[in-house]
Amino acid sequence: MAVTEAENPLVGEITCGSLLQKLQEIWDEVGESDEERDKMLLQIEQECLDVYKRKVEQAAKSRAQLLQALSDAKLELSTLVSALGDKSFISIPETTLGTINEQLAAIAPALEQLLKQKEERVKEFSDVQSQIQKICGEIAGNASEQTGAPAVDESDLSLKKLNEYQVKLQELQKEKSDRLHKVLEFVSTVHDLCAVLGMDFFSTVTEVHPSLDDTTGVQSKSISNDTLLRLAETVSALNEDKKQRLHKLQELATQLIDLWNLMDTPEEERILFDHVTCHTSASVDGVTVPGALALDLIEQAEVEVERLDQLKASRMKEIAFKKQVELEEIFARAHIEIDPEAAREKIMALIDSGNVEPTELLADMDNQIAKAKEEVLSRKEILDRVEKWMSACEEESWLEDYNRDENRYNSSRGAHLNLKRAEKARILVNKIPGMVDTLVAKTRAWEEDRGISFSYDGVPLLAMLDEYAMLRQEREEEKRRLRDQKKYGEQQNTEQEAIFGSKPSPARPSGTKKVVGPRANGGTNGTPSRRLSLNATQNGSRSATKDGKRDSMKLAAPANFVAISKEDAASHVSGTDPVPASP
């Protein structure tokens, strides 16, 4: 039984004491010497010491590793807290209490949570910085050259830093939006300008940058500084081209209108170029019709102008004579006498000689017309006063005929109208001397200012006025003589009545039976022979005009003197003498 237990030492509780006891028993049985026994025991003790020593070393090494792990955990925890910059979300335990394992166990959850939070924060930073990098690349124009995600600085992952990046991203996004809006405005402007100029929008805009084509998305369009600069330059160039084309088209339109007016081009031919002439006074911004300034349209207008210029050269005589007629009409309205036949012969000679360009001849005639219109304006005031003076002289002539009419007071039809006209005519006739004086002063001032004589249908106006004043004075003297003669006749009649006691026949006084003679000047309305000679020699051609009859009457009217017979003298009352308002 003892041998069995010795062979199976693991049976029962095995301890160092039991094993030593068992060893002693074996030594006793064997008869081992004490020396060997001591030696063996020393060996066993040494082996036990070596085992303890190894275990202690292993334990010390494990403790050192745990301390390093704890230190590393604490450092990492501190670094994460510092990088994340916010302790409010994580509960940081006290790491100076408890065993090493307890301290590690306490740190582990916080560390794990901080590591997870760091990973999320790094992703947020990476996303924001990637967007910033992309927008900066788009603005700089090198977005395609950028590869890979931007490096994130893990030493500062605080919310403050993240907020700074987000604010920067928002600013860049706003700038991108503004730039994109500006690019779209430029592209729209280029489209409109190309439409007006008849240019290919696709080739024009893709020449600036391929992404500006309409087929690409809005967000894919280039917003770089270079693209904006080139777009601005393109718009500026197109605007300048539009301005030059509009100026050219307006010049052509003006030439077309002038040529049409010159040659009386029918309206159906003018309508064909309405798309050209409709922009004659348009501003650059006002022209928005597609194709309005296309090169082929301008070339078409140039061809038409060239064709009309050639046609104008072939019709030069007709056009020149048309302008000459316009010039003659202006001079006729201004009562300026010219020699139309000589002017027409001169035009014919110039055209036939070929020594003058048609455009120069027409420009010279246009200049003459402009000067003639200026001359008309300078003579207008005096001519208006001449018209009023002549009209007053016509009324004076009518009044004298009216005063000689013995039946003027009869109650016939229209007698009251003639009476009213006579009253107005007397008032107007009394103003004639003042009219003449004012007209003389105005005419002299005009002549002194220009150093030439003021002529009316070839007759010096001052000579006409002087003649009128002289003849008016002669007429007044004749009236006074007739009044004296009448008074003398009445006196003779009175004396005869006193001597013979009888009266002459009431039908007609004996002193008025004898007629002195025909009207002194022989004119049907009392026009003096001197005035007639002026009319005949100096203004004979005037009667051939459309208004010649009225004008010759006006020119004769100022010298409207009547040689009244002795028979009419008794009942004649001067137009300048006061006359009762009623018979």
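These numbers were taken from a predicted model, which means no experiment stands behind them.

**As for the overall build of the protein**
1) Next: Within the protein, the regular secondary structure consists of 19 helices and two strands.
2) Next: Looking at the protein as a whole, 32% of its 583 residues qualify as buried.
3) Next: Within the protein, contacts between residues at least 6 apart in sequence are counted, and of these 75% link residues at least 24 apart.
4) Next: Carbon and sulfur atoms provide 53% of the accessible area of the protein, an area that totals close to 36,100 Å².

**Remarks on helix 15 (residues 432–450)**
1) Next: Here helix 15 contains 19 residues, and its C-alpha end-to-end distance of 27 Å stays within 8% of the 27 Å for a straight helix at 1.5 Å per residue.
2) Next: For helix 15, every residue scored as buried is listed here: Ile-432, Val-436, Leu-439, Val-440, Thr-443, Trp-446 and Glu-447. The buried residues of helix 15 occupy an angular sector of 135° when the element is viewed end-on, so they sit on one face. With respect to the buried face of helix 15, the exposed residues turned more than 90 degrees away are Asp-437, Glu-448 and Asp-449.
3) Next: Just beyond helix 15, the residue with positive phi is Gly-451, at close to 75°.

**A closer look at the nonpolar core**
1) Next: In this structure, Val-183, Leu-212, Leu-256, Val-276 and Leu-293 are the most contacted members of the largest nonpolar core, which totals 63 residues.
2) Next: Those elements that place two or more of their residues in this core are helix 3 (34–84), helix 4 (100–140), helix 5 (159–197), helix 6 (201–208), helix 7 (225–263), helix 10 (295–314) and helix 11 (316–333).
3) Next: No other element matches helix 7, which puts 13 residues into this core.
4) Next: Not counting residues within four places of it along the chain, the set of residues in contact with Val-183 comprises Leu-212, Ser-222, Ile-223, Leu-228 and Leu-231.
5) Next: Counting 27 residues, the second-largest nonpolar core is a separate cluster that includes Leu-383, Ala-392, Trp-446 and Leu-462.

**Some points on the UniProt feature "coiled-coil region" (unreviewed entry) in the protein**
1) Next: As annotated by UniProt and renumbered to match this structure, "coiled-coil region" (unreviewed entry) occupies residues 49–76 and 155–182.
2) Next: Split by type, residues 49–76 is 100% helix and 0% strand. Its first and last C-alpha atoms lie 40 Å apart.
3) Next: Along residues 155–182 one finds 86% helix and 0% strand; the C-alpha atoms at either end are 39 Å apart.

**Regarding helix 2 (residues 16–30)**
1) Next: Relative to the 21 Å expected for 15 residues at 1.5 Å per residue, helix 2 spans 21 Å between its end C-alpha atoms, a close match to the ideal helical length.
2) Next: The positive-phi residue at the C-terminal boundary of helix 2 is Gly-31, with phi of around 90°.

**With respect to the packing of helix 4 against helix 5**
Between two packed helices, what matters for the description is the angle formed by their axes and the separation of those axes.
1) Next: Put simply, helix 4 and helix 5 touch, their axes get as near as 9 Å, and they point 30° apart. Judged on the interaxial angle alone, helix 5 and helix 4 are roughly parallel. Considering how the two elements wind past one another, helix 4 and helix 5 form a crossing that is left-handed. Judged by residue contacts, Arg-121, Glu-124, Phe-125, Val-128, Gln-129, Gln-131, Ile-132, Ile-135, Cys-136, Glu-138 and Ile-139 of helix 4 engage Leu-159, Lys-161, Leu-162, Tyr-165, Gln-166, Lys-168, Leu-169, Leu-172, Gln-173, Glu-175, Lys-176 and Arg-179 from helix 5.
2) Next: When its residues are assigned to classes, the contact of helix 4 with helix 5 shows 11 nonpolar, four polar and eight charged.

**Description of the packing of helix 13 (residues 358–404) against helix 15**
1) Next: Two numbers describe how helix 13 lies on helix 15: the axes approach to 10 Å, and their chain directions differ by 160°. The angle between helix 13 and helix 15 falls in the class roughly antiparallel. For helix 13 against helix 15, the interelement crossing comes out left-handed. For the pair helix 13 and helix 15, contact is made by Glu-375, Ser-378, Arg-379, Glu-381, Ile-382, Arg-385, Val-386, Lys-388, Trp-389, Ala-392, Cys-393 and Glu-396 and by Ile-432, Met-435, Val-436, Thr-438, Leu-439, Lys-442, Thr-443, Trp-446 and Arg-450, respectively.
2) Next: Among the residues making up the contact of helix 13 with helix 15, the classes are represented as 10 nonpolar, three polar and eight charged.

**Comments concerning the pattern of salt bridges**
1) Next: Taken as a whole and assessed by the stated rule, the structure comprises 21 salt bridges.
2) Next: Among the salt bridges present, the one from Arg-404 reaches Asp-401, with a minimum N-O distance of 2.2 Å. Remark: Asp-401 and Arg-404 occur in helix 13; sequence separation between them is three residues, near one turn of the helix.
3) Next: Among the residues examined, Arg-404 registers a relative accessible area of 21% and is labelled partly exposed.
4) Next: The partly exposed category is assigned to Asp-401, whose relative accessible area is 37%.
5) Next: Members of the salt-bridge network, linked through shared partners, are Glu-396, Glu-400, Arg-472 and Arg-475.

Criteria and cut-off values
- Residues numbered from 1 in each chain as written.
- Predicted model: local features only at pLDDT ≥ 70, side-chain atom pairs only at ≥ 80, totals over all residues.
- Heavy atoms only, no water.
- Helix = DSSP H or I, 4+ residues; strand = E, 2+ residues; numbered from the N terminus.
- Buried < 20%, exposed > 50% of the residue type's maximum accessible area, 1.4 Å probe, protein only.
- Contact = heavy atoms within 4.5 Å.
- Areas by Shrake-Rupley, 256 points an atom, 1.4 Å probe, with all protein chains shown as cover.
- Expected span 1.5 Å × (residues − 1).
- Arc of directions from axis to C-beta.
- Core = buried A, V, L, I, M, F, W, Y, C linked by side-chain atoms within 4.5 Å.
- UniProt positions renumbered as here; feature names shortened; annotations may be inferred.
- Axes fitted to C-alpha atoms, helices over the stretch in contact; angles between N-to-C directions.
- Parallel < 35°, antiparallel > 145°, perpendicular 65-115°, else oblique.
- Left-handed = near helix turned anticlockwise from the far one by under 90°.
- Nonpolar A, V, L, I, M, F, W, Y, C, P; charged D, E, K, R; others polar.
- Salt bridge = Lys/Arg side-chain N within 4 Å of Asp/Glu carboxyl O.

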